[in-house]
Amino acid sequence: MSRRIDIDAGEIGPPLDEIIRHIEDGSVGELVIRRDGREIARLSRPGAVAPAPAYQERAYAWDQARNHRGEGRRSSVGGAMANFLGLAIIAAGLAFFLAPAYAFFALRSAALSGDVPALAELVDYGEVRASLRSQMSDAPRAQEPEPSWLENPIEAIRRRLGQAAEEATGTAPNVDPYLTPQALAGITFGEGHFAAERSRDGAPVVQHQAEDKPWPGLMHWGPSRTRFRIRDEGGSETVLTFSRTGVFAWQLTHIGLPEGGSPDGAGEAEQGVPQAG
């Protein structure tokens, strides 16, 4: 093993030939000469003193495996979050488009069970009454569409005042029989005009489940208004219009009764009420 001689030229002065001899015989690999603590010369044999290797942290196989698992876990968590966000966006889009259909079946279910508070959230009774009165009134203007409050507020106010006057004088058509839970249930199954008979005392209840046919057919889908049609056995169509009241919330705002026709055998049903099915 090579030795190192560190000589301070200010304190000792060994003969030069002895210094050379130590270097030549290989017993000394490096000679450092200092004066007053300051290095003034350095002599070394070629290849005798190798530079100290830089410190390198020892790596083990289990360390590499742990690092690999950590990287894999981070990538898998990021991928799971991306998949979750993608699924959430798809689910929100489907819910947005399917919300009117959900409102229809929620209305049918609430009507069948007689859930009045739920019906109050699913039906705009003021708008539905106005739509039914316009269809049953003999006045020519009653058949005209309701004026928009934004486009023609004066005519909208005039129309509402006229309807209020008709109600006060008793000349307005009575549409309340169409708005009882059982009548609304009949309307969702396409009973049309005959649904009002469900409100009579002793009338049979609708013997259906909410998921039973007939199912609604889509007539129009829009971001703020959607229309469904329900055909009865005779081919007559009842049209239900739902309007958006929130991001996923819809209300029934218009009932379009068929102009004529009735299910086959409807006139033979007990007390003039069509049999369910």
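Quick summary incoming for the structure in this document. All values derive from a computational prediction rather than experimental measurement. (Residues numbered from 1 in each chain as written. Predicted model: local features only at pLDDT ≥ 70, side-chain atom pairs only at ≥ 80, totals over all residues. Heavy atoms only, no water.)

## Considerations on the overall build of the protein
Next, step 1: Counting secondary structure elements, the protein contains six helices and seven strands.
Next, step 2: Total accessible area on the protein stands at roughly 17500 Å², and carbon and sulfur atoms take up 56% of it. (Helix = DSSP H or I, 4+ residues; strand = E, 2+ residues; numbered from the N terminus. Areas by Shrake-Rupley, 256 points an atom, 1.4 Å probe, with all protein chains shown as cover.)

## Topic: the packing of aromatic side chains
Next, step 1: One pass over the structure, following the stated rule, counts seven aromatic pairs.
Next, step 2: For the pair Phe 228 and Phe 242, a centre-to-centre distance of 6.0 Å together with 75° between the ring planes defines the contact as edge-to-face. A residue pair is termed long-range when its members are at least 10 positions apart, and Phe 228 in strand 5 (residues 225–231) and Phe 242 in strand 6 (residues 237–244) qualify at 14 residues. Here Phe 228 and Phe 242 have matching classes, each one buried.
Next, step 3: Through a chain of ring-to-ring contacts, the aromatic side chains of Phe 104, Phe 105, Phe 228 and Phe 242 assemble into a single cluster.
Next, step 4: When the ring centre of Phe 189 is taken as reference, the NZ or CZ atom of Arg 108 above it lies at 3.8 Å.
Next, step 5: A cation over an aromatic ring shows up here: Lys 213 above the ring of Trp 215, its NZ or CZ 5.3 Å from the ring centre. (Phe/Tyr/Trp six-rings, centres within 6.5 Å; stacked < 30°, edge-to-face > 60°. Buried < 20%, exposed > 50% of the residue type's maximum accessible area, 1.4 Å probe, protein only. Lys NZ or Arg CZ within 6 Å of the ring centre and 35° of its normal.)

## A short note on the nonpolar core
The nonpolar side chains of soluble globular proteins are, as a tendency, buried together.
Next, step 1: Counting residues in each nonpolar core, the largest one holds 29 residues, and the members touching the most others are Leu 132, Leu 240, Phe 242, Leu 252 and Ile 255.
Next, step 2: Of all the secondary structure elements, the ones that give two or more residues to this core are helix 2 (61–113), helix 3 (116–122), helix 4 (125–136), helix 6 (181–188), strand 5, strand 6 and strand 7 (250–256).
Next, step 3: Among the elements that line this core, the one with the most residues is helix 2, at six residues.
Next, step 4: Ignoring any residue separated from it by four or fewer positions in sequence, one finds Leu 132 in contact with Val 175, Tyr 178, Leu 179, Ile 255 and Leu 257. (Core = buried A, V, L, I, M, F, W, Y, C linked by side-chain atoms within 4.5 Å. Contact = heavy atoms within 4.5 Å.)

## Details of helix 6
Next, step 1: When you tally the buried positions in helix 6, you get seven out of eight residues, the bulk of the element.
Next, step 2: Two residues or fewer past helix 6, Gly 190 is found with a positive phi of approximately 85°.

## Re the pattern of salt bridges
Next, step 1: Enumeration according to the criterion identifies five salt bridges in this entry.
Next, step 2: Across the pair Arg 129 and Asp 176 runs a salt bridge, and its minimum N-O distance is 3.0 Å. Here Arg 129, found in helix 4, pairs with Asp 176, found in the loop between helix 5 (153–169) and helix 6; they are 47 residues apart in sequence, far enough to count as distant.
Next, step 3: Its relative accessible area of 26% is what places Arg 129 among the partly exposed residues.
Next, step 4: Accessibility expressed as a relative area gives 37% for Asp 176, which makes it partly exposed.
Next, step 5: One continuous salt-bridge network, built from bridges that share partners, spans Arg 229, Arg 231 and Glu 237. (Salt bridge = Lys/Arg side-chain N within 4 Å of Asp/Glu carboxyl O.)

## Comments concerning the environment of Ala 195
Next, step 1: Examined against the element boundaries, Ala 195 turns out to sit in the loop between helix 6 and strand 4 (217–221).
Next, step 2: Relative accessible area serves as the criterion here: at 0%, Ala 195 is assigned to the buried category.
Next, step 3: Residues Ala 195 and Gln 182 lie 13 residues apart in sequence; the distance between their C-alpha atoms is 7.9 Å.
Next, step 4: Non-local contacts of Ala 195, meaning those with residues more than four positions away in its chain, are made with Pro 177, Ala 183, Gly 186 and Ile 187.

## Quick notes on the sheet that holds strand 4
Next, step 1: The four strands are arranged 4-5-6-7 in an open sheet whose pairing can be described as antiparallel. Bordering the open sheet on either side are strand 4 and strand 7, each of which pairs with just one other strand. Looking at each pair of strands side by side, their axes are set apart by 25° on average, direction ignored.
Next, step 2: Its contacts with the sheet place helix 6 against strand 5, strand 6 and strand 7, and it is angled at close to 110° to strand 6. (Pairing = 2+ DSSP bridges. Axes fitted to C-alpha atoms, helices over the stretch in contact; angles between N-to-C directions.)

## Brief notes about a nonpolar patch on the surface
Next, step 1: A cluster of nonpolar side chains, contributed by Leu 87, Ile 90, Leu 94, Phe 97 and Leu 98, occupies part of the molecular surface with about 540 Å² of accessible area.
Next, step 2: A relative accessible area of 48% places Phe 97 in the partly exposed class. (Patch = residues over 30% accessible without salt bridge, like charges linked within 9 Å, V, L, I, M, F, W, Y side chains within 5 Å.)

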